[in-house]
Amino acid sequence: MCLLREAMTRVNTLHSGPDSTYGDTEHTHEGRHEGREVTYDVLGIGFGPSNLALAIAVEEHNAQAADGERIRAGFLEKQPRFGWHRGMLIDDATMQVSFLKDLVTMRDPKSGYSFLCYLQERDRLVDFLNQKTLFPLRIEFHDYLEWAAARVAGLVEYSSEVVAVKPVTEDGEVVAFDVVSRDPGNPDATVVRRARSLCVATGMEPHLPPGATRSERVFHNSELIPRVGALLERGTPVRRAVVLGAGQSGAETVDYLHRHFPEAEICSVFAKYGYTPADDSPFANRIFDPEAVDIFYNAPPEVKQSLFDYHRGTNYSVVDMDLIESLSRTMYQEKVQGRQRMRMLNVSRIREIDAQDDGLRIGIEFLPTAERDVLDADLLVCATGYQPRGIDERLGELGKLCRRDDEDALVVGRDHRVATHQNVTAAIYLQGGTEHTHGLTSTLLSNTAVRAGEIRSSLIERRRESGAPDARP
């Protein structure tokens, strides 16, 4: 906690309602505060779609609640502005979920924060309806998210990376948390905020396979657009690019590179025989229904695992059929024309990556025969997915307060609250990292609106039970 001891600290003046006002707080050393000190009912760590949906749910509750029923909330985000997978906002890519599974509609179809309200405000409602689609462009949905984030901007502090969270103990009981984050106005200083509950929604981090080290020539597909843009701006020649991965992002990356480097050979490497179509059939999609979360949550462990295995094809390592067919047509046309720039190295794995001054030498094994080949390449893009960070990594010593099951996984309640030891009355909610308890929708947009409503209801109930005042002495 040297950052807390050495830096100036202050209390932020985030507000949770249009008529909330807090007095200024003087800056002090050692993490101490003078003046009127505020305790939040909930502080959200991370401000992607999940916590954005929670912020909206809180704001809508506070707009109708009596003074004593309002939820005092704030959110901290390390990015300088709202952003969601910006590196993959390919201009013609569409969403894979219906626009009705936006931030609010599944919870409250009457909400003014819906995608339809966004379209109406942008004067595109009729135009969108004429497209006869449930799936908007990805760049359009991102604009919707930014539009919604701007409407609750008073609840969030950007450029505020959380560097520590400390339990607040009274008479042996953990009653709150002190959240230490970087001061947006001075990165060498920190800000301390106290909260009775945390809602952790820090998303997932890009996963690089063993042997792959991030460099100018090796990167994750989450950086695709800015990396390609920089290469084109510098005029860097790309003769061959290799894409590792068999999922939607891998296929989109192959298509994007093929279009933007018209003289380059694009090689797709994966262990499957071919791209697998996503199962988006009506019955399979029921795994994303809100009631499916109840079924999954209450099922025994072996049934949970079976459901997960049966329905992986709805989300993991699968590709939209339209994209599969488009890539196949391109490969066939090139074969007819006698110049194949798009190559599929299937049933194969990358075994070595040797970085040279002028490029990469990538060793590839054809799995059926164990035969190996070496490709000289200028780029390696790893479309190898994301992995959640454990709560210990995100929150440090708070992980010690949490209960775990026989598999060392966190025990999480149906309301998305982590089960803690008996001496902990402060709450930790998770949005993400709960596939083992809540199923496939844990990290997906499909159930975001409903999940935010469930967490809001839990916060309201806890506030009523505690009779928490707006500020502590």
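Residues numbered from 1 in each chain as written. Predicted model: local features only at pLDDT ≥ 70, side-chain atom pairs only at ≥ 80, totals over all residues. Heavy atoms only, no water.

Q: Explain the side chain of Gln-248 to me, please; I cannot follow it from the model alone.
A: With respect to the helices and strands, Gln-248 occurs in helix α7 (residues 248-260). For Gln-248, the contacting residues outside a window of four places in its chain are Gln-96, Val-318, Val-319, Asp-320 and Leu-323. (Helix = DSSP H or I, 4+ residues; strand = E, 2+ residues; numbered from the N terminus. Contact = heavy atoms within 4.5 Å.)

Q: Would you mind going over unusual backbone geometry with me for this structure?
A: Leaving glycine aside, a negative phi is the common case for residues, and trans is the common case for peptide bonds. Unusually for a residue other than glycine, His-85 sits at a positive phi of about 50°. By the element assignment, His-85 lies in the loop between β3 (73-76) and α3 (115-121). Of note, Ser-317 is a non-glycine position whose phi angle comes to about 50°, a positive value. Turning to its location among the elements, Ser-317 is positioned in the loop between α9 (301-310) and α10 (321-337).

Q: Please explain the sheet that holds strand β10 (residues 218-220) as it appears in this structure.
A: Whether parallel or antiparallel, the strands of a sheet pair through hydrogen bonds between backbone atoms. With parallel pairing, the 5 strands of this open sheet are ordered in space as β10-β17-β11-β12-β13. Strands with a single pairing partner mark the edges of an open sheet, and in this sheet they are β10 and β13 (342-345). With direction set aside, neighbouring strand axes in the sheet form an average angle of 20°. Pairing of strand β12 (residues 265-269) with β13 involves 4 bridges; the strand directions are parallel. (Pairing = 2+ DSSP bridges. Axes fitted to C-alpha atoms, helices over the stretch in contact; angles between N-to-C directions.)

Q: It is not clear to me how a nonpolar patch on the surface should be interpreted in this structure. Could you clarify?
A: Residues Leu-100, Leu-116, Leu-134 and Phe-135 make up a contiguous nonpolar surface patch of about 320 Å² in total accessible area. Turning to its location among the elements, Leu-100 is positioned in the loop between β3 and α3. (Patch = residues over 30% accessible without salt bridge, like charges linked within 9 Å, V, L, I, M, F, W, Y side chains within 5 Å. Areas by Shrake-Rupley, 256 points an atom, 1.4 Å probe, with all protein chains shown as cover. Salt bridge = Lys/Arg side-chain N within 4 Å of Asp/Glu carboxyl O.)

Q: What is the right way to read the side chain of Ser-446 from this model?
A: Along the chain, the position of Ser-446 falls in the loop between α12 (435-438) and α13 (448-466). Here Ser-446 falls in the buried class, since its relative accessible area comes to 5%. Excluding residues within four positions of it along the chain, Ser-446 makes contact with Val-97, Lys-101, Phe-288 and Thr-441. (Buried < 20%, exposed > 50% of the residue type's maximum accessible area, 1.4 Å probe, protein only.)

Q: It is not clear to me how the pairing of strand β8 (residues 197-200) should be interpreted in this structure. Could you clarify?
A: Regular strands have side chains that alternate between both faces of the sheet. Side chains Ser-197 and Cys-199 of β8 all project onto a buried face; the interleaved residues Leu-198 and Val-200 project onto the opposite face, where all are buried too. Taken together, the 3 bridges between strand β2 (residues 42-45) and β8 define a ladder with parallel strand orientation. Bridge pairing links Ile-45 to Val-200 in β8. Strand direction decides the pairing type here: β8 and strand β19 (residues 427-430), joined by 4 bridges, are parallel. Considered in β19, the bridge of Ser-197 is made with Ala-427.

Q: Help me out: how do you make sense of the confidence of the model for the chain in this one?
A: Regions with low pLDDT carry predicted coordinates that are not meant to be interpreted in detail. Of all residues in the chain, 89% attain a pLDDT of 70 or more, and the chain-wide mean is 88. Counting interchain partners and residues more than four positions distant, the pLDDT-below-50 stretch residues 1-36 has 83 contacts. (pLDDT = per-residue confidence, 0-100.)

Q: Looking at this structure, how should I read the packing of helix α6 (residues 224-234) against α7?
A: Each packed pair of helices is defined by two parameters, the angle between the axes and the distance between the axes. Orientation of α6 relative to α7, taken along the N-to-C sense of each, is 15°, at an axis distance of 12 Å. Taken together, α6 and α7 sit at an angle that is classed as roughly parallel. The way α6 lies across α7 gives a crossing that is right-handed. Contacts from Leu-224, Ile-225, Val-228 and Leu-232 in α6 reach Thr-253, Tyr-256, Leu-257 and His-260 in α7. Taken together, the residues of the contact of α6 with α7 sort by class into 6 nonpolar, 2 polar and no charged. (Parallel < 35°, antiparallel > 145°, perpendicular 65-115°, else oblique. Left-handed = near helix turned anticlockwise from the far one by under 90°. Nonpolar A, V, L, I, M, F, W, Y, C, P; charged D, E, K, R; others polar.)

Q: How should I be thinking about the nonpolar core in this particular structure?
A: In summary, soluble globular proteins display a tendency toward joint burial of nonpolar side chains. Phe-47, Leu-52 and Leu-103 are the most contacted members of the largest nonpolar core, which has 41 residues in total. Of all elements in the fold, only α2 (49-64), β3, α3, α5 (138-151), β19 and α13 reach the threshold of two or more residues within this core. The residues touching Phe-47, leaving out its near neighbours within four places in the chain, are Leu-52, Ala-55, Phe-75, Leu-76, Glu-77, Phe-82, Ala-149, Val-152, Val-156, Tyr-158 and Ala-201. With 27 residues, the next largest nonpolar core counts Val-243, Ala-264, Ile-266 and Leu-379 among its residues. (Core = buried A, V, L, I, M, F, W, Y, C linked by side-chain atoms within 4.5 Å.)

Q: When you look at the packing of aromatic side chains in this model, what are you seeing that I'm missing?
A: Where two aromatic rings form a pair, the distance of their centres and the angle of their planes describe that pair. Summed over the entire model, instances satisfying the criterion amount to 15 aromatic pairs. For the pair Phe-47 and Phe-82, a centre-to-centre distance of 6.3 Å together with 90° between the ring planes defines the contact as edge-to-face. Linking Phe-47 in the loop between β2 and α2 with Phe-82 in the loop between β3 and α3, this pair joins segments that are 35 residues apart in sequence. The pair formed by Phe-47 and Phe-82 is uniform in burial state, with each residue classed as buried. An aromatic cluster of at least three residues, connected via ring pairs, comprises Phe-99, Phe-115, Tyr-118, Phe-128, Phe-141, Tyr-144 and Trp-147. For the cation-ring pair, Arg-151 lies above Tyr-113, with the distance from its terminal atom to the ring centre recorded as 4.2 Å. (Phe/Tyr/Trp six-rings, centres within 6.5 Å; stacked < 30°, edge-to-face > 60°. Lys NZ or Arg CZ within 6 Å of the ring centre and 35° of its normal.)

Q: I would appreciate a short explanation of the environment of Ile-90 in the present structure.
A: Positionally, Ile-90 belongs in the loop between β3 and α3. Expressed as a C-alpha distance, the spacing of Ile-90 and Tyr-256, which sit 166 residues apart in the sequence, is 7.8 Å. Leaving out residues up to four positions away in the same chain, Ile-90 has contacts with Ile-139, Leu-224, Ile-225, Glu-252, Tyr-256 and Arg-259.

Q: Help me out: how do you make sense of the pattern of salt bridges in this one?
A: Side chains that differ in charge, positive against negative, can pair when their charged atoms come close. Taken as a whole and assessed by the stated rule, the structure comprises 30 salt bridges. Taking the shortest distance from any N to any O, the salt bridge between Glu-216 and Arg-234 comes out at 4.0 Å. Linking Glu-216 in the loop between β9 (204-206) and β10 with Arg-234 in helix α6, this pair joins segments that are 18 residues apart in sequence. In this pair, the class of Glu-216 matches that of Arg-234, namely exposed. Beyond isolated ion pairs, a larger network of salt bridges with shared partners links Arg-351, Glu-352, Glu-365 and Arg-372.

Q: Sorry, what's going on with the pairing of strand β14 (residues 348-356) here?
A: Bridge count for β14 against strand β15 (residues 359-366) is 8 bridges, and the pairing is antiparallel. If you follow Asp-354 over to β15, its bridge partner there is Arg-361. Hairpin connection from β14 to β15: 2 residues lie between these consecutive antiparallel strands.

Q: Even after reading the chapter, I still don't get the layout of surface pockets, so can you show me in this structure?
A: With a probe scaled to a water molecule rolled over the atoms, the places where space remains empty come into view. Of the volumes computed, that of the second largest pocket is approximately 560 Å³. Looking at the second largest pocket, it is lined by 24 residues, and the ones nearest its centre are Lys-304, Asp-405, Ala-409, His-436 and Thr-437. In terms of residue count, α9 provides more of the lining of the second largest pocket than any other element does, 4 residues in total. Grouping the amino acids of the lining of the second largest pocket by side-chain chemistry returns 13 nonpolar, 6 polar and 5 charged. (1 Å grid on protein atoms, 1.4 Å probe; cavity = no way out; pocket = protein on both sides within 12 Å on 5 of 7 lines; lining within 4 Å. Points joined across faces, edges and corners; volume = space filled by probe spheres on them.)

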